[in-house]
Amino acid sequence: MRVRGKYFDVVVYRGGYEIVSKNAKHPKDSEPLPKFEFGGIRRLFFEITDRCNYRCIHCYNGDSRQETTFIDPDTMKNALEKINSAYSIETIQITGGEPTLHPQLQRIIGTSKKFADYVEIFTNGFLLNEVAPILLTENVRVIVSMYSLNPQKYAYMTRVPAVDRVIENILDFYEKGGKISVRIPVIPGINDEDARDVIMFFRAKGIRASSSIIIPYGRSRDWKASKLRKKRLPSRRNWIFAPIAAAGYSECWATHLAVSWNLDVSPCIFAREYKLGNLAADDIEIIKRNHKAISRAFAPDLLSDCENCALRYVCKRCPPRAKAYGVLGKREAHCPFALSLDITQ
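About the thresholds
- Residues numbered from 1 in each chain as written.
- Predicted model: local features only at pLDDT ≥ 70, side-chain atom pairs only at ≥ 80, totals over all residues.
- Heavy atoms only, no water.
- Axes fitted to C-alpha atoms, helices over the stretch in contact; angles between N-to-C directions.
- Helix = DSSP H or I, 4+ residues; strand = E, 2+ residues; numbered from the N terminus.
- Parallel < 35°, antiparallel > 145°, perpendicular 65-115°, else oblique.
- Left-handed = near helix turned anticlockwise from the far one by under 90°.
- Contact = heavy atoms within 4.5 Å.
- Polar contact = N/O pair within 3.5 Å; in protein donor to acceptor, adjacent residues only side chain to side chain.
- Phe/Tyr/Trp six-rings, centres within 6.5 Å; stacked < 30°, edge-to-face > 60°.
- Lys NZ or Arg CZ within 6 Å of the ring centre and 35° of its normal.
- Buried < 20%, exposed > 50% of the residue type's maximum accessible area, 1.4 Å probe, protein only.
- Pairing = 2+ DSSP bridges.
- Core = buried A, V, L, I, M, F, W, Y, C linked by side-chain atoms within 4.5 Å.
- Salt bridge = Lys/Arg side-chain N within 4 Å of Asp/Glu carboxyl O.
- Right-handed = clockwise from strand over helix to strand, strands pointing away.

K.L.:
Any chance you could break down the packing of helix H1 (residues 73-84) against helix H2 (residues 105-113) for me, citing the residues and the numbers?
P.N.:
The N-to-C vectors of H1 and H2 enclose an angle of 15°; their axes lie 9 Å apart at closest approach. Overall, the two elements H1 and H2 adopt an arrangement that is roughly parallel. Judged by the sense of rotation from one axis to the other, the crossing of H1 with H2 is right-handed. Across from Pro73, Asp74, Met76, Lys77 and Leu80 in H1, the residues of H2 making contact are Arg107, Ile108, Thr111 and Ser112.

K.L.:
Lay out the side chain of Glu138 with the relevant residues and their values.
P.N.:
Within the secondary structure layout, Glu138 lies in helix H3 (residues 128-138). A distance of 3.3 Å separates the side chain of Glu138 from the side chain of Gln106, its partner in a polar contact.

K.L.:
Would you mind going over the packing of aromatic side chains in detail, with residue names and values included?
P.N.:
The description of an aromatic ring pair rests on the distance of the ring centres and on the angle between the ring planes. Taken as a whole and judged by the stated rule, the model has seven aromatic pairs. Centre to centre, the rings of Tyr54 and Phe126 are 6.2 Å apart; their planes meet at 70°, and the pair counts as edge-to-face. Separated by 72 residues along the polypeptide, Tyr54 in the loop between strand E4 (40-47) and H1 and Phe126 in the loop between strand E6 (118-123) and H3 bring together distant segments of the chain. Look at Phe201 and Phe202: their rings are 5.0 Å apart centre to centre, the planes differ by 90°, and that puts the pair in the edge-to-face class. The residue whose ring lies beneath Arg165 is Phe126, and the NZ or CZ to ring-centre distance is 3.7 Å. Above the ring of Tyr87, the side-chain terminus of Lys288 is found at 5.6 Å from the ring centroid.

K.L.:
So what's going on with unusual backbone geometry? Residues and values would help.
P.N.:
Even without a glycine there, the phi angle at Asn139 is positive, about 60°. As for its position among the elements, Asn139 is in the loop between H3 and strand E7 (141-145). Given a relative accessible area of 48%, Asn139 falls into the partly exposed group. The backbone of Leu263 sits at a positive phi, close to 75°, despite the residue not being glycine. On the basis of relative accessible area, Leu263 is assigned to the buried category, the value being 9%.

K.L.:
Give a description of the sheet that holds strand E11 (residues 264-266) that names residues and reports values.
P.N.:
Taken in spatial order, the nine strands of this open sheet run E9-E8-E7-E6-E5-E4-E10-E11-E12, and their pairing is mixed. Edge positions in the sheet fall to strand E9 (208-213) and strand E12 (277-278), since each of these pairs with one other strand and no more. Strand direction decides the pairing type here: E6 and E7, joined by four bridges, are parallel. Among the inter-strand pairings, Ile121 is bridged to a residue of E7, identified as Val142. Seen against the sheet, H1 touches E4, strand E5 (88-95) and strand E10 (256-259) and runs at an angle of roughly 160° to E4.

K.L.:
Just give me the short version of the nonpolar core, but keep the residues and values in it.
P.N.:
Ranked by internal contacts, the top residues of the largest apolar core, which has 75 residues, are Leu44, Phe46, Leu135, Met146 and Phe202. Here this core takes six residues from helix H5 (residues 163-175), the largest share from any one element. Counting residues in hydrophobic clusters, the runner-up holds six residues, among them Phe45, Ile215, Tyr217 and Ile269.

K.L.:
Please provide a residue-by-residue account of the pattern of salt bridges, values included.
P.N.:
Within this structure, the stated rule accounts for 10 salt bridges. Note that Glu120 is salt-bridged to Arg43, the shortest N-O span being 2.8 Å. Within this pair, whereas Glu120 is found in strand E6, its partner Arg43 is found in strand E4, the two being separated by 77 residues in sequence. On the basis of relative accessible area, Glu120 is assigned to the buried category, the value being 4%.

K.L.:
Can you lay out the side chain of Thr255 for me, pointing to particular residues and giving the numbers?
P.N.:
You can see Thr255 is positioned in helix H8 (residues 251-255). Among the polar contacts made by the side chain of Thr255, one reaches the side chain of His256 at a distance of 3.2 Å.

K.L.:
Tell me what's going on with the pairing of strand E8 (residues 180-186), and back it up with residues and numbers.
P.N.:
For E8, the buried fraction is high: six of the seven residues fall into the buried class. Relative to E8, E7 runs parallel, the two sharing four bridges. Residue pairing in the sheet places Val142 in a bridge with Ile180 of E8. For E8 and E9, the ladder comprises six bridges, and the chain directions are parallel. Within the sheet, the bridge partner assigned to Pro185 lies in E9 and is Ser212. Traced from E8 through helix H6 (residues 192-204) to E9, the parallel crossover comes out right-handed.

Right under this line is the structure:
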């Protein structure tokens, strides 16, 4: 069976798989892939604050302290210089908390642009109109989370009755020529029926829109997996064999990093329990060593084990997703994503 991916094709055999180049017609005709050079970051998530003006019921940040904690632009610059000494960075996603609350947002964006080819900001859109001049001037890509077009449901999920305001801000920003897209975090049983309406509404306006099922983490950590799995699961066709950065590494974790507002580093914003180090206290080579170790520990090489796992369509080989769906409260011994690792020792 051949599974087509964005970057590589993967030919799956009974006892394993082989990654081949996109142009190869058959594994025997393919040229070997170049050796994977660890250290290229496709997306760096950087939290510039833990402050937020929403209280979303599923927030991955959990119940953060809600104090006025904003990262200083010079501190961010030093952190990015440290990362840049060991990694190349393609995209920096500025996030939070709510990043548009930062009083020095323009300096934060300007600093980020010195270290990445692309800079984007993930926001709830409430203050988009106020910061639009900065975002338009800096030519930043904007991603807005949108839960529903229904005012009551939006207010229930965010604890803020602001759906009309956010929609108006999105449309206004787009009409001014801004780069913007909409992301719908889906909670089955709550707003899954709304996702299609949101997507169709914004696509009709010419704005990109997509949805994804949330990962129970942070404020939604204790939600039952069955609650999130009761709707139709992803098909086998969508199960991630590919893209894979290279055999022997977890594709996502090998090419992503997340930096918290206090400069803790993890492989993913949904995996803060796997702390790789702290940019203020630890040498970048130690952080990189830990990053490489955890990327290999969660590599999707155990194909035979994964094929026999009843959760294989749900996790999509995403470690936090696998831990949330099915291993929540009952670990499966063979699942590489369910392992409890302490990579810092």
